[in-house]
Amino acid sequence: MAQETAFALWLIPGGAPAARLEELIEALARETGGPAFAPHLTLLGGLRGDGGALAAKLGRLRGDGGALRPVALEARGPATGSTRHQCVFLDVAPSEPLAALRRAAEAALGANEAPFRPHVSLVYGELTAARRQELAADPRVLALAHEVWWADRLELWTVEGQTERWRCVEGVPLERP
C-alpha cells in the first residue's frame, strides 16, 4: 500500500501577472525571513493519498468536457489572517467559473472541503498583527489589489513538511475554447 501524503490542488496564474506576483512574493520572503513559494490560488487543500492516484484522477478531470477552461481571478484588496499560510494575501472575488471548476475538481479527486475563501497568498509566516497590517498596506501589495489574472494551469502539489520541500507532481493546462 502506498504511503499517504498531503496534497493541494493549485490554480496557477500565467503570463506577466504571474511574474509580478512571483517577484513580490520573493521580495516579501526576503524581507520577512519567510519562505518563497509559487504564486497560486489553492482550489483544494487537505487532499491525502498517493500522488500517482491523485495525478491520474486529475488527468481524467482534464477530459471533462469544458471543465478545464482558464479562469479569471479578480483581486480584491489585501487582507491578513491569523494562520501561517494566510498571513498576508489578496482576496479573490468569487465567480461561477471558479466555483464550477472547484466543484469539478472536488468530484474528480473525491474531496469534500470546508468553505472556500479564494485568495492568493503573498506572505507565509507567523508575524505580529501589526507587521501583517504593515505589509498589507505596502504600496507594492496595493498595486496588485485590483488586478485581474487568468489562471491557465492546474497543478497538484505535495504540501508535506517545510514549504521549501513542496513540489509539483502533476499539472494540466486550462485551455481556451
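Right above here is the structure, for reference.
This one's a predicted model, so the numbers in the text were calculated from it and none came from an experiment.

Caption draft 1: Structural view of the overall build of the protein. Along the backbone of the protein there are 5 helices and 7 strands. Sequence-ordered secondary structure for the protein, helices as α and strands as β, is β-α-β-α-β-β-α-β-α-α-β-β. Computed over C-alpha atoms, the radius of gyration of the protein comes to 16 Å, within 12% of the 16 Å expected from 2.2 N^0.38 for 177 residues, which places it in the range of a compact globule. Going through the 177 residues of the protein one by one, you find that 47% of them count as buried. Of the accessible surface of the protein, which amounts to about 8700 Å², a share of 51% is contributed by carbon and sulfur atoms.

Caption draft 2: Seen up close, the packing of aromatic side chains. This structure, assessed with the given rule, holds 4 aromatic pairs. Members of the aromatic cluster, joined through ring pairs, are Trp10, Phe37, Tyr124, Trp157 and Trp166.

Caption draft 3: Spatial organisation of the nonpolar core. Counting 50 residues, the largest nonpolar core has Leu9, Leu11, Leu47, Leu73, Leu122 and Leu154 as its most contacted members. Contacts of Leu47, omitting those with residues within four sequence positions, involve Thr5, Ala6, Phe7, Ala8, Leu9, Leu54, Leu109, Ala111 and Leu156.

Caption draft 4: Broad picture of the pairing of strand E3 (residues 71–80). One ladder, built from 4 bridges, connects E3 with strand E6 (residues 148–158); its direction is antiparallel. Across the sheet, residue Ala72 finds its bridge partner in E6, namely Trp150. Relative to strand E4 (residues 88–92), E3 is paired through 5 bridges, and the arrangement is antiparallel. In the sheet register, Ala79 faces E4, and the bridge partner there is Phe89.

Caption draft 5: Just the environment of Ala105, in detail. Within the secondary structure, Ala105 sits in helix H3 (residues 96–109). Classification of Ala105 as buried rests on a relative accessible area of 0%. Expressed as a C-alpha distance, the spacing of Ala105 and Leu58, which sit 47 residues apart in the sequence, is 7.7 Å.

Caption draft 6: Examining the layout of surface pockets more closely. Size it by volume and the largest pocket reaches roughly 420 Å³. Lining the largest pocket are 24 residues, with Thr42, Gly45, His85, Gln86 and His119 sitting closest to its centre. Of all elements in the fold, only strand E1 (5–13), strand E2 (41–49) and strand E5 (119–123) reach the threshold of two or more residues within the lining of the largest pocket. Here the lining of the largest pocket is composed, by residue class, of 13 nonpolar, 9 polar and 2 charged.

Caption draft 7: How the structure looks around the side chain of Thr158. Its location among the elements puts Thr158 in strand E6. Ignoring anything within four residues of it in the chain, the contact list for Thr158 reads Thr5, Ala6, Phe7, Arg165, Trp166, Arg167 and Val169.

Caption draft 8: Representation of helix H4 (residues 129–136) within the structure. When we look at burial in H4, the residues that qualify are Arg132, Leu135 and Ala136. Burial along H4 is one-sided: seen end-on, the buried residues are contained in an arc of 100°. On the buried face of H4, the contacting elements are helix H1 (15–32), E3, E4, E5 and helix H5 (139–142).

Caption draft 9: Geometry of H3. Here H3 contains 14 residues, and its C-alpha end-to-end distance of 20 Å stays within 8% of the 20 Å for a straight helix at 1.5 Å per residue. Taken residue by residue, H3 has Leu98, Leu101, Arg102, Ala104, Ala105, Glu106 and Leu109 as its buried positions. Where H3 starts, the residue carrying a side-chain oxygen 3.2 Å from the main-chain nitrogen of Leu98 turns out to be Ser95. Count one or two residues on from H3 and you reach Gly110, which has phi positive near 70°.

Rules used throughout
Every residue gets a number counted from 1 within its own chain, in the order that chain's sequence is written. Totals for whole chains, interfaces and linings use every residue, but because this is a predicted model, local features are given only for residues with pLDDT of at least 70 and side-chain atom pairs only at 80 or more, for both listing and counting. Derived side-chain values reflect all non-hydrogen atoms in the structure, with water molecules and hydrogen atoms excluded from consideration. Secondary structure elements follow DSSP: runs of H or I of four or more residues count as helices, runs of E of two or more count as strands, with numbering from the N terminus. Within these notes, the globule rule equals 2.2 Å times the number of residues to the 0.38 power, and the radius of gyration is based on C-alpha atoms. We call a residue buried when its accessible area falls under 20% of the maximum for its residue type, exposed when it is over 50%, and partly exposed in between, using a 1.4 Å probe and counting protein chains only. What sets the accessible areas is the Shrake-Rupley method with a 1.4 Å probe; for residues, cover comes only from the shown protein chains. Any Phe, Tyr or Trp ring, taking Trp's six-membered ring, that has another such ring centre within 6.5 Å forms a pair; planes under 30 degrees apart are called stacked, those over 60 apart edge-to-face, and the others tilted. Here, nonpolar core refers to any group of buried Ala, Val, Leu, Ile, Met, Phe, Trp, Tyr and Cys residues whose side-chain atoms link them within 4.5 Å. Contacts are residue-level and defined by heavy atoms, with any inter-residue pair within 4.5 Å sufficient. A strand pair is defined by DSSP finding two or more bridges across the two strands. Definitions used for this entry: grid spacing 1 Å over protein atoms alone; cavity, a set of points where a 1.4 Å probe fits but cannot get out; pocket, an open set with protein on both sides within 12 Å along at least 5 of 7 lines; lining residue, one with an atom within 4 Å of a point. Grid points are joined across faces, edges and corners, and a volume is the space filled by probe spheres set on the points. Side-chain classes follow a simple rule in which Ala, Val, Leu, Ile, Met, Phe, Trp, Tyr, Cys and Pro form the nonpolar group, Asp, Glu, Lys and Arg form the charged group, and the remainder, Gly included, forms the polar group. As used here, the arc is the angular range of directions from the helix axis to the C-beta atoms. Each helix should span, by expectation, one fewer than its residue count multiplied by 1.5 Å. Counting of polar contacts relies on pairs of N or O atoms within 3.5 Å, with two restrictions inside protein: one atom must be capable of donating a hydrogen and the other of accepting it, and residues adjacent in sequence are counted only when both atoms are side-chain atoms.

Function cannot be inferred from these measures alone, as they are strictly geometric.
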